[in-house]
2 protein chains.
Amino acid sequence: MLFMSQPRKQAPPRRRRSKQSEWFTAPIKVGILPNLLGYNIRRAQIALWRDFSRTVGEGAFRPGMFSLLVLVDANPGIAQVDLARVLDQDKAAIVGLIDSLQRRRWLVRRKSSVDARRHGIFLTTAGKAGLEELRHEMLEHEQRFARLFSNDEMTALISLIRRIHP
Amino acid sequence: MLFMSQPRKQAPPRRRRSKQSEWFTAPIKVGILPNLLGYNIRRAQIALWRDFSRTVGEGAFRPGMFSLLVLVDANPGIAQVDLARVLDQDKAAIVGLIDSLQRRRWLVRRKSSVDARRHGIFLTTAGKAGLEELRHEMLEHEQRFARLFSNDEMTALISLIRRIHP
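Because the structure is a prediction, the values reported are computed rather than measured.

Reading the values: the criteria
- Residues numbered from 1 in each chain as written.
- Chains lettered and ligands numbered in written order.
- Predicted model: local features only at pLDDT ≥ 70, side-chain atom pairs only at ≥ 80, totals over all residues.
- Heavy atoms only, no water.
- pLDDT = per-residue confidence, 0-100.
- Contact = heavy atoms within 4.5 Å.
- Salt bridge = Lys/Arg side-chain N within 4 Å of Asp/Glu carboxyl O.
- Helix = DSSP H or I, 4+ residues; strand = E, 2+ residues; numbered from the N terminus.
- Buried < 20%, exposed > 50% of the residue type's maximum accessible area, 1.4 Å probe, protein only.
- Least-squares fit on C-alpha atoms with pLDDT ≥ 70 in both.

Enquirer: Describe in detail the confidence of the model for chain A, supporting the description with residues and values.
Expert: Detailed reading of predicted coordinates is not advised where the pLDDT is low. Residue and element names in this part refer to chain A. The predicted model of chain A has a mean per-residue pLDDT of 85, with 85% of residues at 70 or higher. Predicted confidence is poor over residues 1–22, with pLDDT under 50, and the contacts of this stretch with residues over four places away or in other chains come to 23 contacts. Reported for the predicted complex are a pTM of 0.81 and an ipTM of 0.81.

Given below as structure tokens:
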């Protein structure tokens, strides 16, 4: 069965050490952790985040900022409340991201021409150029992980993960 | 093909609104995001974290604390450096978790009887009892997500995710 293949990696062989420190060097038992969905997703998230922060935007961007920029680029004038809903984050977190990107002059908030009480979010020219560069680095970052899977496996993986989030 | 099934969920139908606010209520375009592994893992992590913090340990625990407790339970006397390595976290993060669990009197650090320069981590009686309760809540939390998959799908999903993390 394609998806039931053995794990590719094996633990490196352990060197024998002196008896004195034996209880520190015995193989670590990991109990139920490797069978928990939450544990595995969190470990994958740590690995992805570490690579992202090393290689995308010179460590000055968080993954959530990239997602937000992509959404603003594809939906000029999008409202904060819609960004929060689509990204499944609370409004305070979204406001923090927008403030940070506005200080960097990548985004602006503009009043709606039809309803002055509402603000829409737009990319600036600098934001558009910056996003293009980030997008390039982001795709290279993704590619380093995509390489671990065949196309069919990647399609299956993403389709399964999508059931977890709204 | 089993794993290529269509997503189960569909966006709820949108109510028509007045023309005035149309550019705010148009369907949001999500661009490349749904095809990015990192985006999907992060969204899944947010959904899992939210359910965890609502249902496990009355919101007073983080998922990493649970993993650490499971490891200490299965490996009495484990060293901080081994916890950091197995959980793929830096030592400062692990020390923070241990300090917090020690203040709660769930863990103790004890000097090794064979090497006084090394400390081992042990669960207290309170820690053992507390972990049993957390483990129960954790399995219920996992079950709410496991329900989204057949057994074969869950095995495939976890096996694929494990390729991402070391």
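Enquirer: Residues and numbers for the pattern of salt bridges, please.
Expert: All names here are of chain A. Summed over all chains, the structure comprises 14 salt bridges over all chains. R144 is paired through a salt bridge with D51; the nearest N and O atoms lie 2.9 Å apart. Placement of R144 in helix 6 (residues 125–146) and of D51 in helix 2 (residues 37–55) is noted, with a sequence separation of 93 residues between them. You can call R144 partly exposed: its relative accessible area is 29%. The shortest N-O distance in the salt bridge between D82 and R85 comes to 3.0 Å. One end of the pair, D82, and the other, R85, are both in helix 4 (residues 80–87), three residues apart, so they sit about a helical turn from each other. Accessibility expressed as a relative area gives 9% for D82, which makes it buried. Residue classification places R85 among the partly exposed positions, given a relative accessible area of 45%.

Enquirer: Tell me what's going on with the relation of the copies chain A and chain B, and back it up with residues and numbers.
Expert: For the pair chain A and chain B, the superposition axis carries a translation of 0.0 Å, the fit reaches an RMSD of 0.0 Å, and the rotation angle comes to 180°. Viewed as a symmetry operation, the transformation between the two copies matches a two-fold axis. In this assembly the copies share their binding face: 99% of the residues contributing to the interface of chain A also contribute to that of chain B.

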